[in-house]
Amino acid sequence: MDFNRNRYFMFGCLLLLLGMQFRMVHSFVLNETGTNAIAKIATEAQLASADSSPDMVMDKSADSKSRIIQPPHWLGWILLTVGGVIFLHALILPPPNKS
């Protein structure tokens, strides 16, 4: 599978939209299934490395079945920047061949 202009354009748009989402939302509340999945990933990551300092802050909410994730402040800016660069790169690529 070859990355052409359309795929770069779509990937850049997705990163831009995801970056805007992270800039507008302060925190995400996970349901029980999401909480269990994150806990499983966190325990596997702690076993794999000795460094246990997470990048995202996770707090328990009032009921113990959900967690609140607060992504770092800089994550939205990084996604916006990378998405913008990929979007602009897609504009300078030649259009796909019609075959």
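Whatever comes next refers back to the structure up there.
Given the structure is predicted, the values throughout are model-derived calculations rather than measurements. Residue numbering note: each chain is counted from 1, following its sequence as written. Only residues with pLDDT of at least 70 are given local features in this predicted model, and only at 80 or more are side-chain atom pairs given and counted; all residues enter the totals for whole chains, interfaces and linings. Remark: hydrogens and water are excluded; side-chain values derive from all non-hydrogen atoms of the structure.

**Q** Honestly, the packing of aromatic side chains in this entry has me stumped. Any pointers?
**A** Two aromatic rings, taken as a pair, are described by how far apart their centres are and by the angle between their planes. A pair of aromatic rings is counted whenever rings of Phe, Tyr or Trp (Trp by its six-membered ring) have centres within 6.5 Å, and the orientation is called stacked for planes under 30 degrees apart, edge-to-face for over 60 and tilted otherwise. The full count for this structure, using the stated rule, is two aromatic pairs. Residues Phe 9 and Phe 87 carry aromatic rings whose centres are separated by 4.9 Å and whose planes lie at 35 degrees to one another, so their mutual orientation is tilted. Of the two residues, Phe 9 is situated in helix α1 (residues 5-24) and Phe 87 in helix α3 (residues 74-92); the sequence distance between them amounts to 78 residues. Throughout, exposure labels follow a simple rule: accessible area from a 1.4 Å probe, protein chains only, divided by the maximum for the residue type, with under 20% read as buried, over 50% as exposed, and the rest as partly exposed. We classify Phe 87 as partly exposed; its relative accessible area is 23%. Aromatic side chains Phe 22 and Phe 28 sit 5.7 Å apart centroid to centroid with 75 degrees between the ring planes, which places their arrangement in the edge-to-face category. By definition, any uninterrupted DSSP run of H or I lasting at least four residues is a helix, any uninterrupted run of E lasting at least two residues is a strand, and each is numbered from the N terminus.

**Q** Could you clarify how one ought to interpret α1 in this entry?
**A** Each full turn of the α-helix corresponds to 3.6 residues, which orients residues three or four apart in the same direction. For a helix, the expected span equals 1.5 Å multiplied by the number of residues minus one. When the terminal C-alpha atoms of α1 are compared, their 29 Å separation across 20 residues agrees well with the 28 Å that a helix rising 1.5 Å per residue should span. Two residues qualify as a contact provided that any one of their heavy atoms is within 4.5 Å of a heavy atom in the partner residue. Where the residues of α1 are buried, they touch α3.

**Q** Explain α3 to me, please; I cannot follow it from the model alone.
**A** Between its first and last C-alpha atoms α3 spans 28 Å; for 19 residues at 1.5 Å apiece the expected length is 27 Å, and the two agree. Taken residue by residue, α3 has Leu 75, Gly 76, Leu 79, Gly 83, Gly 84, Ile 86 and Ala 90 as its buried positions. In the core, the buried residues of α3 are packed alongside α1.

**Q** Teacher, can you tell me more about the packing of α1 against α3 here?
**A** Relative placement of two packed helices is described by the angle separating their axes and the distance separating the axes. Every axis corresponds to a line fitted to the C-alpha atoms, with the helix fit spanning only the stretch in contact, and the corresponding angles, defined between N-to-C directions, vary from 0 to 180 degrees. Where α1 meets α3, the axes come as close as 7 Å, and the angle between the chain directions of the two elements is 160 degrees. Relative to α3, the element α1 lies roughly antiparallel. In this structure, the crossing between α1 and α3 has a hand that is left-handed. Considered class by class, the residues forming the contact of α1 with α3 number 18 nonpolar, six polar and two charged. What sets the label is the angle itself: under 35 degrees gives roughly parallel, over 145 gives roughly antiparallel, 65 to 115 gives roughly perpendicular, and the rest give oblique. Crossings are classed by handedness, with left-handed meaning an anticlockwise turn of the near helix from the far one by less than a right angle and right-handed meaning a clockwise turn. In this classification, the charged set is Asp, Glu, Lys and Arg, the nonpolar set is Ala, Val, Leu, Ile, Met, Phe, Trp, Tyr, Cys and Pro, and all remaining amino acids, among them Gly, are polar.

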